[in-house]
Structures are given as structure tokens and as C-alpha cells.
Amino acid sequence: KGIPLHPSRMYANDALKLVVLVSEQIIPRSLTHRFGEAVIEWIKAKGITRIISLAGINTGDPKDKSVYGIASNARSKRLLDGADIKVISEGITTGVTAMMLLELRDDNTEAVSIMGSVSLGADYKAAAGLLEKLNAVLQLNIDVKPLLKEAQETEKELLKNFEKMRESNETVQKLEDKSPLMYT
């Protein structure tokens, strides 16, 4: 709407007792620990008892539409059970979320990270899949239809742009094939 938003922000809904922390920026590695500690400190000061981090994960398979999860401890892992979320049993996680999960592993706070398999930077289908899993975990009723519509529109635009790029490349190739070599 023409007004900038801070790249990291919080939204709260008192009726649902829900706080959403949004970060649209990459936290530099040198600040990850400090940032994570500050978030954990704030969570504990506010008496928050459940944290669910939503993120994207690139599995290297563009056809993979799975949703993956990792928990801070066995108690937290129960949040993932029954929601058709593939629990990551080996591998690594990094960044602020990893630091938070580690800090909360011996705490009474439930903490999980739910990750949608993404193939694009702004993957609306993956975001819709994440919200559907969040609906299952928290018994919410978030409408994902607008995201799916946005996914279709974005895909159409991307395909159109790819086609234009392909046509441009073909034109350039034809011109290069016809032009004489300058140096022999």
C-alpha cells in the first residue's frame, strides 16, 4: 500500500492467544545466536508455551510437496504427530530456528519447526501447504484459497516470462549464426 513494513515484525491475536513473528530478512550468521537469545528471552518473559516456526526447505526435488518437521524435544514432537508431517530424523537445521529449538529442548515450552518443500523463492503452494498443516496442528481454519490463486497467477507469469526469454535467446542465436565472424 505504499508504506514500508519493518522486515521483522510481530502480530498478536489475544482471542486466539497467538503471536506471529514474521521475518522477511536473512539474519546474518554473526547475529543468529544473539537474535535467537533475544527472541527466547521475550518468549519466556511473555509466558508463551508453544512456538511453531514456519519455513521453506529446498529438498532438491521440485516435485516434492511434502511438509517436514523437527521438534525441540519428545513432548514437542507430539504436535507433529497425526498432521501428516514428515519428521526429520537426520540432517541439520540452521539459523535462528535451530538456535531456538536447541535452547528450548530442556524447557517446558513446546517448540517445532514445520517446513514446506519449496522450489521458488516465493512459493505460494508451499506456503498454502504449511498453513494447511498449521490448521491441523492448531485446529485453525485459515483459508488457503487466496494463496493457491496467487500460486496459479505467479506460475502463469513465470511461464510467460520463461517463454519470452526462450524466444529472445532463439532470436539472438539466429542473429549470431547469420553474422560474419569479425576475427579469424
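Starting from 1, residues in each chain are numbered consecutively following that chain's sequence as written. Local features in this predicted model are restricted to residues of pLDDT 70 or higher, and side-chain atom pairs are both shown and tallied only at a pLDDT of 80 or more, whereas totals for entire chains, interfaces and linings draw on every residue. Values shown for side chains rest on all heavy atoms present in the structure; no hydrogens or waters enter the calculation.

Quick question: what am I supposed to make of the sheet that holds strand β6 (residues 110-117) here?
Strand pairs in the sheet, formed through backbone hydrogen bonds, run parallel or antiparallel to each other. DSSP bridges decide pairing: two strands pair if at least two such bridges lie between them. We count a stretch as a helix when DSSP gives it H or I for four or more residues in a row; a strand needs E for two or more, and each element gets its number in order from the N terminus. Across the sheet, four strands lie side by side as β3-β6-β4-β5; this open sheet has mixed pairing. Here the strands that pair on one side only, and so sit at the sheet edges, are β3 (50-57) and β5 (86-87). With two bridges joining them, strand β4 (residues 67-71) and β5 adopt parallel strand pairing. Bridging from a neighbouring strand, G69 pairs with V87 of β5.

Even after reading the chapter, I still don't get the pattern of salt bridges, so can you show me in this structure?
Opposite charge on two side chains permits them to pair, given that their charged atoms come into close proximity. Salt bridges are counted wherever a side-chain nitrogen of Lys or Arg sits within 4 Å of a carboxyl oxygen of Asp or Glu. Scanning all chains against the criterion turns up nine salt bridges. With a closest N to O distance of 4.0 Å, D106 and R105 form a salt bridge. Buried, partly exposed and exposed residues are distinguished by accessible area as a fraction of the type maximum, computed with a 1.4 Å probe on protein chains only: under 20%, between the cut-offs, and over 50%, respectively. Assessed through its relative accessible area of 45%, R105 is described here as partly exposed.

Looking at this model, I keep getting lost on the nonpolar core. Mind explaining?
Buried together is how nonpolar side chains tend to be arranged in soluble globular proteins. By convention a nonpolar core is built from buried Ala, Val, Leu, Ile, Met, Phe, Trp, Tyr and Cys residues, the set being connected through side-chain atoms within 4.5 Å. Counting 10 residues, the largest nonpolar core is built from I27, V39, I40, I43, I51, V96, M100, L101, L104 and A111. At the level of elements, α1 (29-46) and α3 (95-103) are the ones that each hand at least two residues to this core. We call two residues in contact whenever any of their non-hydrogen atoms come within 4.5 Å of each other. Those residues in contact with V39 that lie beyond four places of it in its chain are L21 and M100. In this structure, L79, V112, L130 and V137 belong to the second largest nonpolar core, which totals nine residues.

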